[in-house]
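The lines below spell out each chain.
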Amino acid sequence: MTETSSRLSWRLRMSLRTRIAVITAIVVAFILALVGMAILGNIKAQVYDGVDQVVRLKAAEIADRAAASDLPERLPITEDPEYFVEVVMGGRLISGTVGLGQSNLFPFAEQKPGQMVAFGREDLPIVEEGPYRITAYGVETPQGTVTVFVATSVSDLVETLAEETRIGAAGLFVLMLIIGFVMWQALRRAIAPMDDIRAQADAITGANLHARVPEPTRLDEIGLLARTVNRMLDRLERNDERQRRFVADAAHELRSPIASLRVQLETSKAGVGVDGREDDLLFETMRMESLVDQLLLLARADAERSWLHKAPTDLDD
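Here the structure is a predicted model, which is why all the values come from computation and not from measurement. (Residues numbered from 1 in each chain as written. Predicted model: local features only at pLDDT ≥ 70, side-chain atom pairs only at ≥ 80, totals over all residues. Heavy atoms only, no water.)

Draft legend 1. Focus on the overall build of the protein. A tally of regular secondary structure across the protein gives five helices and six strands. When its helices and strands are written in sequence order, the protein yields α-α-β-β-β-β-β-β-α-α-α. Burial analysis of the protein (317 residues in total) assigns 25% to the buried set. Taking the intrachain contacts of the protein between residues at least 6 apart in sequence as the baseline, contacts between residues at least 24 apart amount to 49%. (Helix = DSSP H or I, 4+ residues; strand = E, 2+ residues; numbered from the N terminus. Buried < 20%, exposed > 50% of the residue type's maximum accessible area, 1.4 Å probe, protein only. Contact = heavy atoms within 4.5 Å.)

Structure below.
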């Protein structure tokens, strides 16, 4: 047996309640996953927006000091959160956080005065791990237009969101298993009458057409199916009774002409004259022929229904 046929056979052997339970669990898990992704994306956007607001405030603070010519050449490193600042004019570092030098300027475009943009970046030439949120703010100073770059790492936030995602995925998997199990149990109880109907229907043969499948008290789909099956069995039983009566009547009708023919043929064999009996023999033969034709017609009607076409007829014509 090939691998394809094995998979197909496995699918065909899967019960209805198992298929419904699996499909329901998958659909619910898919919907919950979409909702969870939307919620997670909204939380991530809100967290990044909060970080950007804090970074913008820091950039505005540095810009005010730059406009007042109150910036030292090296700015101390801040903690909780840790900011990395560069003040650049014409590609030249004016001021920056300790540890940042002219050789590792942030590779971002300078801004016009009063223009502030916030964006993300995966890596920067600093020791702190990324990703980062950066704000670039252009400001006019007595020395000319400078751009204040303020960057902060959001690696802790990203790791927290990733951990929450993993926890949510594990919870979603467990929830999918629970939903599938509960649905399977509910379907097992709901479809249990079908097993009784199937077992009883499988036990009914031509010898016990009087038997009937159990009918549930509820008039749901299963109850209606059981009642439909019993009505079908009623029709089959009536049809079987009609055929039995017909066979019995046909056997009785055939017995008379056959007995008559036998008597006349035995008489003829015994040497008794058969003058005047030709009409009797012909009559009995035609009678048997008529009965045989009726039997053939019945057999044909049972074997093939397509020969009979019903159509309305105008009796006046």
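After that view of the structure, there is still more to cover.
Draft legend 2. Representation of the pairing of strand β5 (residues 132-141) within the structure. Counting buried positions along β5 yields eight of ten residues, so the element is predominantly enclosed. Bridge count for strand β4 (residues 116-121) against β5 is six bridges, and the pairing is antiparallel. Across the sheet, the residue bridging to G120 is R133, located in β5. Between β5 and strand β6 (residues 144-153), which follow one another and run antiparallel, lie two residues. (Pairing = 2+ DSSP bridges.)

Draft legend 3. Examining the pattern of salt bridges more closely. According to the stated counting rule, one finds nine salt bridges in the structure shown. The closest approach of N and O atoms between R227 and E215, which form a salt bridge, is 4.0 Å. Placement of the pair is R227 in helix α4 (residues 221-269) and E215 in the loop between α3 (155-203) and α4, with a sequence separation of twelve residues. For E215, a relative accessible area of 42% corresponds to the partly exposed category. A single network of salt bridges, built from pairs that share partners, joins E159, E163 and R166. (Salt bridge = Lys/Arg side-chain N within 4 Å of Asp/Glu carboxyl O.)

Draft legend 4. Spatial organisation of the packing of helix α2 (residues 16-67) against α3. At their nearest, the axes of α2 and α3 sit 8 Å apart, and the two run at 160° to each other. Here α3 runs roughly antiparallel to α2, going by the angle between their axes. Considering only the axes of α2 and α3, their crossing is right-handed. The class makeup of the residues in the contact of α2 with α3 is 25 nonpolar, four polar and four charged. (Axes fitted to C-alpha atoms, helices over the stretch in contact; angles between N-to-C directions. Parallel < 35°, antiparallel > 145°, perpendicular 65-115°, else oblique. Left-handed = near helix turned anticlockwise from the far one by under 90°. Nonpolar A, V, L, I, M, F, W, Y, C, P; charged D, E, K, R; others polar.)

Draft legend 5. Inspection of the environment of A151 at higher detail. Mapped onto the elements of the fold, A151 is located in strand β6. In this structure, the C-alpha to C-alpha distance between A151 and R56, residues 95 residues apart in sequence, is 9.9 Å. Beyond its immediate stretch of four places on either side in the chain, A151 contacts E82, Y83, F84, F106, L124, R133 and I134.

Draft legend 6. View of the side chain of S153. Inspection of the secondary structure puts S153 in strand β6. Classification of S153 by relative accessible area gives buried; the value is 19%. A distance of 2.5 Å separates the side chain of S153 from the backbone oxygen of E129, its partner in a polar contact. Not counting chain neighbours up to four residues away, the residues in contact with S153 comprise E82, E128, E129, G130, P131 and Y132. (Polar contact = N/O pair within 3.5 Å; in protein donor to acceptor, adjacent residues only side chain to side chain.)

Draft legend 7. Here's a closer look at the sheet that holds β5. The strand order β1-β3-β2-β6-β5-β4 describes an open sheet built from six strands, whose pairing is mixed. Each edge of the open sheet is held by one strand with a lone partner, namely β1 (74-75) and β4. Of the strands in this sheet, β1, β2 (83-89), β4, β5 and β6 touch α2, which is tilted by about 25° from β5.

Draft legend 8. Quick peek at the pairing of strand β3 (residues 92-97). In terms of strand pairing, β1 meets β3 through two bridges, oriented parallel. The residue of β3 that forms the bridge with L75 is T97. Sheet topology places β2 next to β3; four bridges connect them, and they run antiparallel. Across the sheet, the residue bridging to M89 is R92, located in β3. Here β2 hands over to β3 after two residues, with G90 in that stretch at a positive phi of 60°.

Draft legend 9. Structural context of unusual backbone geometry. Of note in this structure, S69 is not a glycine but carries a positive phi near 55°. Secondary-structure assignment places S69 in the loop between α2 and β1. The exposure class assigned to S69 is partly exposed, which follows from its relative accessible area of 43%.

Draft legend 10. Representation of the nonpolar core. Within the largest apolar cluster, 17 residues are counted, with the highest numbers of intra-cluster contacts made by I62, V85, V87, V146, V148 and V150. Elements represented by at least two residues in this core include exactly α2, β2 and β6. The greatest single-element share of this core, amounting to seven residues, is contributed by α2. Contacts of I62, omitting those with residues within four sequence positions, involve L71, L75, V85, V87 and V148. Formed by twelve residues, the second largest nonpolar core is a distinct cluster that contains L124, Y132, A136 and A151. (Core = buried A, V, L, I, M, F, W, Y, C linked by side-chain atoms within 4.5 Å.)

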